[in-house]
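Structural features, examined
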Amino acid sequence: MNSYIESVNFFKGNNPEDIVKTYGTPLYVYNEEVLRRHMHDVSQVITKYPYTANYSVKANTNIHILKLALEEGNNCDAMSTGEIQMLLKAGFPKDRIFYIPNNVSAEEMKFAIHNGIMTSCDSLSQLELFGSLKGTKCAVRINPGVGAGHCEKVVTGGKKTKFGIAEEDIPQIFEIAKKYNVKIAGINQHIGSCFMDPQPYLDAVTNLLRIALQFEDLEFIDFGGGYGIPYHKLDDEKPFPMEDFKKKLEPILDDFVAKYGKTPLFKSEPGRFCVAEGSVILGRVHAVKQNAGKKYAGTDIGMNVLVRPSMYDSHHDVEVLRNGKPVSRDHLVEQTVTGNICESGDILAKDRLLPEIKEGDLACLLDTGAYGWSMCSTYNSRPRPAEVMICKDGTVKQIRRRETIEDLMMLF
Ligand code: LLP
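One numbering rule holds for all chains: residues counted from 1, following each sequence as written. Given that the model is predicted, a residue must reach a pLDDT of at least 70 before its local features are reported, and side-chain atom pairs must reach 80 or more before they are shown or counted; all residues, however, enter totals for whole chains, interfaces and linings. Excluding hydrogens and water, the side-chain values take into account all heavy atoms of the structure.

**So, the domain arrangement of the protein chain**
How far each domain reaches was decided by an automatic or database domain assignment. Per the domain assignment, the segments of the protein chain are domain 1 (4–29 + 277–409) and domain 2 (32–275). A separation of 31 Å is found between the C-alpha centroids of domain 1 and domain 2. Taken together, the contact pairs 30 residues of domain 1 with 27 residues of domain 2. Here domain 1 packs against domain 2, burying approximately 2,700 Å² in sum over the two surfaces, 55% of which is carbon and sulfur. If you sort the residues of domain 1 by the area they bury against domain 2, Glu277, Tyr371 and Lys392 come out on top, with a joint share of 24%. Salt bridges are counted wherever a side-chain nitrogen of Lys or Arg sits within 4 Å of a carboxyl oxygen of Asp or Glu. There are 3 salt bridges connecting domain 1 and domain 2. For this analysis, a polar contact is any N or O atom pair within 3.5 Å, provided that within protein one partner can donate a hydrogen and the other can accept it, and provided that sequence-adjacent residues contribute only side-chain to side-chain pairs. For the interface between domain 1 and domain 2, the tally reads 17 residue pairs in polar contact (both at pLDDT 80 or more). Only runs of H or I of at least four residues qualify as helices and only runs of E of at least two qualify as strands under DSSP, and these elements are numbered from the N terminus. Mapped by element, the contributors of at least two residues to the side of domain 1 that touches domain 2 are helix 12 (308–312), strand 12 (318–322), strand 17 (386–390) and strand 18 (396–400). Contact criterion: two residues are considered in contact whenever any of their non-hydrogen atoms come within 4.5 Å of each other. Buried area is a sum: the accessible area each of two parts loses on coming together, probed at 1.4 Å, counted once for each and added.

This is the structure:
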């Protein structure tokens with residue numbers, strides 16, 4: 001594919017140069033239609049049984065994006081009391097929030113209990129804490145023994161992870177629940193993030209449903225998120241095979257419902273799938289140079305703006321824009337695209353074949369809506385970027401202002 005942004009008319013006729021003239025660079029730019037489409041698609045994963053797709057807000061907690069999820073009928077999963085507060089501010093009713101924290105303090109647990117927010121306990125000790133705080137009804141996170149993800153750091157099921165309660169510890173769940181008179185209303189799992197092959201997830205669903213048979217009267221079963229997106233779309237990578245996945249999932253659910261004798265509410269927790277493809281980052285190329293025969297293009301998209309490439313070696317496609325238009329990919333040159341942070345690892349794209357980049361071009365990084373702004377930092381005292389939304393009608397709306405040095409100074 002020569003240009004993704006042209007193929008989906010990402011900017012809806014707006015010239016990116018005009019957008020950055022108003023809002024500056026680096027800039028997160030979202031497309032409302034793309035976001036809504038993905039949020040809707042995840043709500044259709046299970047149609048035969050009661051089901052909610054819980055958007056996992058850690059991927060992106062911008063309140064305007066949370067409002068889109070609300071409008072598209074998604075529920076949400078929150079990882080922290082901060083995320084719960086963002087959701088409440090966006091207008092989510094408490095019963096549409098599922099709190100799935102890890103290693104939280106009594107204070108944080110109390111916050112959820114007092115607000116009546118369904119909470120998942122990630123360990124026996126957190127279940128003890130929940131009971132001792134007079135919580136009455138909760139879920140437990142099970143490790144289904146299967147993990148998957150784009151790299152080891154994001155695998156959250158199987159033997160090498162801090163998450164969940166192991167199957168052999170299930171008898172102790174019942175003991176603790178009995179001791180405190182806590183009802184186990186649901187079980188949940190999450191095997192990891194960004195898999196393109198649905199098989200490990202299907203295996204984990206099968207395992208979790210086998211485990212679920214030990215629990216009486218479950219109100220819900222949550223299979224977790226992790227559906228991948230094609231980060232190599234300029235090389236025509238295929239999307240996550242959603243239709244095939246749905247076809248394979250249904251008989252597994254049929255089998256469980258027949259055995260369990262009743263139908264709990266099924267849930268999933270997709271984060272990336274909902275938001276990743278709905279955003280790009282625009283950054284200015286401020287310098288080009290050669291070091292030891294290697295060509296570098298230096299932009300203002302530092303690792304503080306997008307940490308995924310330096311943290312996980314993640315790939316984000318790069319389009320080069322000149323006068324606001326994608327430069328043709330007919331002639332490609334090996335280049336390394338970097339940020340403006342004082343670290344050698346501040347690299348966005350290493351030894352990548354790209355149209356030859358010139359000073360003054362815009363670099364447009366694709367698929368940055370998930371774990372993009374939400375993982376930004378102010379390293380090197382660089383304020384975090386603004387975010388704008390290209391709305392359905394083509395208007396450009398600022399959905400978060402750029403942080404300022406004054407904002408950073410306010411904390412002292
Ligand atoms: N549920 C739980 C309990 C999770 O821990 C996560 C992600 C999700 C749902 C959503 O997973 P998703 O559908 O987005 O894959 N920062 C990393 C990803 C870390 C994911 C953490 N947990 C990255 O940029 O790739």
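Structure's up, so let's keep going.
**Overview of the packing of aromatic side chains**
Working definition: rings of Phe, Tyr and Trp (its six-membered ring) pair if their centres are within 6.5 Å, and the pair is stacked with planes under 30 degrees apart, edge-to-face with planes over 60 apart, and tilted otherwise. The final tally for this structure, using the stated rule, is 17 aromatic pairs. Judged by centre distance (5.5 Å) and plane angle (75°), the rings of Phe10 and Phe11 are edge-to-face. There is no split in this pair, since Phe10 and Phe11 are both buried. For the pair Tyr201 and Phe245, a centre-to-centre distance of 5.5 Å together with 70° between the ring planes defines the contact as edge-to-face. With Tyr201 in helix 9 (residues 199–212) and Phe245 in helix 10 (residues 242–260), this pair connects stretches of sequence that are 44 residues apart. The pair Tyr201 / Phe245 is uniform in exposure class, with both members buried. Following the ring pairs from residue to residue traces out a cluster consisting of Phe195, Tyr201, Tyr227, Phe240, Phe245 and Phe273. One Lys or Arg, Lys233, reaches over the ring of Tyr4 and ends 5.1 Å from the middle of that ring. Only when the NZ of Lys or the CZ of Arg is both within 6 Å of the ring centre and within 35 degrees of the ring normal is a charge said to sit over the ring. In this arrangement the basic side chain of Lys262 is found over the ring face of Tyr260, its NZ or CZ atom lying 5.8 Å from the centre. Throughout this description, buried means an accessible area under 20% of the type-specific maximum (1.4 Å probe, protein chains only), exposed means over 50%, and partly exposed covers the range between.

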